[in-house]
Amino acid sequence: MIARRSFLQLALGAATLPLAAFGARAESFPSRPVTIIVPFAAGGPTDVLARIIAEYMRGTLGHPVVIENITGASGTVAGLRASRAAPDGYTITIGHWGTHCLNGATYQLQYDVREFEPLALIASGPQLVIGRPDLPAKDLKELIGWLKANGDKATAGTAGPGTGAHVAGVFFQQLTQANFSFVPYRGAGPALNDLMASHIDIMFDQASNSLPQVKSGTVKAYAVTAPSRLATAPEIPTVDEAGLPGLYIAYWHGIWAPKGTPAEIVAVLSKAVMAALADPAVGKRFAELGQEIPPPDKQGPAALRSHQAAEVEKWWPIVKSANIKPE
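Here the structure is a predicted model, which means the values were calculated and not measured.

The rules we used
Residues numbered from 1 in each chain as written. Predicted model: local features only at pLDDT ≥ 70, side-chain atom pairs only at ≥ 80, totals over all residues. Heavy atoms only, no water. Helix = DSSP H or I, 4+ residues; strand = E, 2+ residues; numbered from the N terminus. Contact = heavy atoms within 4.5 Å. Buried < 20%, exposed > 50% of the residue type's maximum accessible area, 1.4 Å probe, protein only. 1 Å grid on protein atoms, 1.4 Å probe; cavity = no way out; pocket = protein on both sides within 12 Å on 5 of 7 lines; lining within 4 Å. Points joined across faces, edges and corners; volume = space filled by probe spheres on them. Nonpolar A, V, L, I, M, F, W, Y, C, P; charged D, E, K, R; others polar. Core = buried A, V, L, I, M, F, W, Y, C linked by side-chain atoms within 4.5 Å. Salt bridge = Lys/Arg side-chain N within 4 Å of Asp/Glu carboxyl O. Pairing = 2+ DSSP bridges. Axes fitted to C-alpha atoms, helices over the stretch in contact; angles between N-to-C directions. Parallel < 35°, antiparallel > 145°, perpendicular 65-115°, else oblique. Phe/Tyr/Trp six-rings, centres within 6.5 Å; stacked < 30°, edge-to-face > 60°.

A.B. asks: I would appreciate a short explanation of the environment of I67 in the present structure.
C.D. replies: On the secondary structure map, I67 appears in strand 2 (residues 65–69). It is 9.2 Å that separates the C-alpha atoms of I67 and A42, two residues lying 25 residues apart in sequence. Every residue in contact with I67, bar those within four places of it in the chain, is listed here: I36, V38, D47, A50, R51 and A54.

Here it is as structure tokens:
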């Protein structure tokens, strides 16, 4: 009996060791640098947002926050890497409407874009409907008319099949019945360069990416795909004002951890991200990039999960009905 009791006590002690050890790990997290995987090249809109957040998180967490740029296949290479990272909080990823919504309908992925652990919805920025500088259309209604009259030769630049610019163009076609051809590029930058050189006619581009060109007059802006005007460019009308109500497209950004990351660690990381979003200096820098930070009650893990689910419900049918496939 004594031997049996001793065995049970030892077994019980062994069973509780992992829980105790886990609790200690959660309480001491982080004890080393945290890496944010960015699915695009350095210098792009997503990378810039990640670096702003990382700079502030470093002070909150007490350890460096390192940026790792992993490019390729519209963010799916980075997505696979992030999905296979250890769920310990030391590797997280930033993504957006394209990487964590559209890619799930476009690609045959080895991971599910909906299964990451959400940390925070950090920002949302609309697109701009822009055209080459010498395009004859003066406003959005004239642009739609010009596209309908020149559908056999009109072109729209994209960053590739299934990217935000492409899907936005498909949505635009569905709403207007305008027809034009899509010209894929290796990224939004090369497409924008060709738009400025009048090699293509139009683009649907992130405001944070093309606003400098709009302000310099090297491209024309016809509308912003949001219900309200941009604070940094109030002269650009909304799609509602320009005559195409309902063309709402936002490049929202979020931050996620790998599936299975413990709730306690998710909470630590989420609070660190949200603390950064609450800083006035961060808000100012985001605003300068045409990014709007959601209110605090729309930032947390539950808010990001809900927002992503709603976007999947809206956009996946549009992508699939257009039979958009990667090259």
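A.B. asks: What is the right way to read the side chain of T238 from this model?
C.D. replies: Note on placement: T238 falls in the loop between strand 8 (220–224) and helix 9 (239–242). Look at T238 and you get buried, because its relative accessible area is 2%. When near neighbours in sequence (up to four residues on either side) are disregarded, T238 contacts A223, V224, A226, P227, S228 and R229.

A.B. asks: Could you clarify how one ought to interpret empty space enclosed by the protein in this entry?
C.D. replies: Gaps left between atoms are located by rolling a probe of water-molecule size over the structure's atoms. Per the stated rule, a full pass over the model turns up one cavity of 30 Å³ or more. Considered as a void within the structure, the largest cavity measures approximately 60 Å³ in volume. What lines the largest cavity is simply P39, G75, A78, G79, T93, I94, T99, H100, Y111, V113 and F116. Elements with a contribution of two residues or more to the lining of the largest cavity: helix 3 (76–83), strand 3 (91–96) and helix 4 (98–106). The class makeup of the residues in the lining of the largest cavity is six nonpolar, five polar and no charged.

A.B. asks: Can you help me understand the nonpolar core in this one?
C.D. replies: Note on soluble globular proteins: their nonpolar side chains tend to be buried together. In this structure, W97, L140, L143, L147, F172, F180 and W315 are the most contacted members of the largest nonpolar core, which totals 48 residues. Tallying contributions element by element places helix 12 (residues 301–321) first for this core, with six residues. Apart from the residues lying within four places of it in its own chain, the contact partners of F172 are L140, I144, L147, Q177, A178, F180, F204, L244 and L247. Grouped together as the second largest cluster of nonpolar side chains are 32 residues, I53, Y90, L269 and V282 included.

A.B. asks: Please explain the pattern of salt bridges as it appears in this structure.
C.D. replies: Opposite charge on two side chains makes pairing possible when the charged atoms of those side chains draw close. The final tally for this structure, using the stated rule, is 13 salt bridges. Ionic pairing is found between E142 and K138, a salt bridge with its closest N-O pair at 3.2 Å. K138 gets classed as exposed once you look at its relative accessible area, which sits at 66%. Connected through salt bridges with shared partners, the residues R132, D134 and D201 form a single ionic network.

A.B. asks: It is not clear to me how the pairing of strand 7 (residues 202–206) should be interpreted in this structure. Could you clarify?
C.D. replies: For a regular strand, side chains alternate in direction, first toward one face of the sheet and then toward the other. Most of strand 7 is tucked away: five of the five residues are buried. Of the pairings in the sheet, the one linking strand 4 (residues 117–131) to strand 7 comprises five bridges and is antiparallel in character. Bridge pairing in strand 7 links L128 to D205. In this sheet, strand 7 lies alongside strand 5 (residues 155–158) in parallel orientation, the contact comprising two bridges. By the bridge assignment, A156 is partnered in strand 7 with I202.

A.B. asks: I tried to follow the packing of helix 6 (residues 164–176) against helix 12 on my own but got confused; where do I start?
C.D. replies: Each pair of packed helices can be described by the angle between their axes along with the distance between the axes. For the pair helix 6 and helix 12, interaxial distance at closest approach is 10 Å and the crossing angle is 80 degrees. By the angle between their axes, helix 6 is roughly perpendicular relative to helix 12. Where helix 6 abuts helix 12, its residues V167, V170, F171 and Q174 lie against W315, I318, V319 and S321. Of the residues belonging to the contact of helix 6 with helix 12, the class tally is six nonpolar, two polar and no charged.

A.B. asks: I keep staring at the packing of aromatic side chains and nothing clicks. Help me out?
C.D. replies: For any pair of aromatic rings, the description consists of the separation of the ring centres together with the inter-plane angle of the planes. Counting across every chain of the model gives nine aromatic pairs. With a centroid separation of 5.0 Å and an interplanar angle of 65 degrees, the aromatic rings of F29 and Y90 are classed as edge-to-face. In this pair, F29 is assigned in the loop between helix 1 (2–28) and strand 1 (34–38) and Y90 in the loop between helix 3 and strand 3, connecting sequence segments 61 residues apart. Here F29 and Y90 have matching classes, each one buried. Taking 6.0 Å as the distance between ring centres and 75 degrees as the angle between the ring planes, the aromatic pair formed by Y111 and F116 counts as edge-to-face. By relative accessible area, Y111 is classed as buried at 12%. Here F116 falls in the buried class, since its relative accessible area comes to 4%.

A.B. asks: Help me out: how do you make sense of unusual backbone geometry in this one?
C.D. replies: In this structure, the amide linkage connecting F29 to the following residue, P30, adopts the cis form with an omega of -5 degrees. Secondary-structure assignment places P30 in the loop between helix 1 and strand 1. The backbone of S74 shows a phi angle near 55 degrees, a positive value even though the residue is not glycine. Among the secondary structure elements, S74 is positioned in the loop between strand 2 and helix 3. The exposure class of S74 is partly exposed, given its relative accessible area of 22%.

A.B. asks: I'm lost on the environment of P64 in this one. Help?
C.D. replies: As for its position among the elements, P64 is in the loop between helix 2 (45–61) and strand 2. Considered as a pair, P64 and R32 are 32 residues apart in the sequence and their alpha carbons are 7.6 Å apart.

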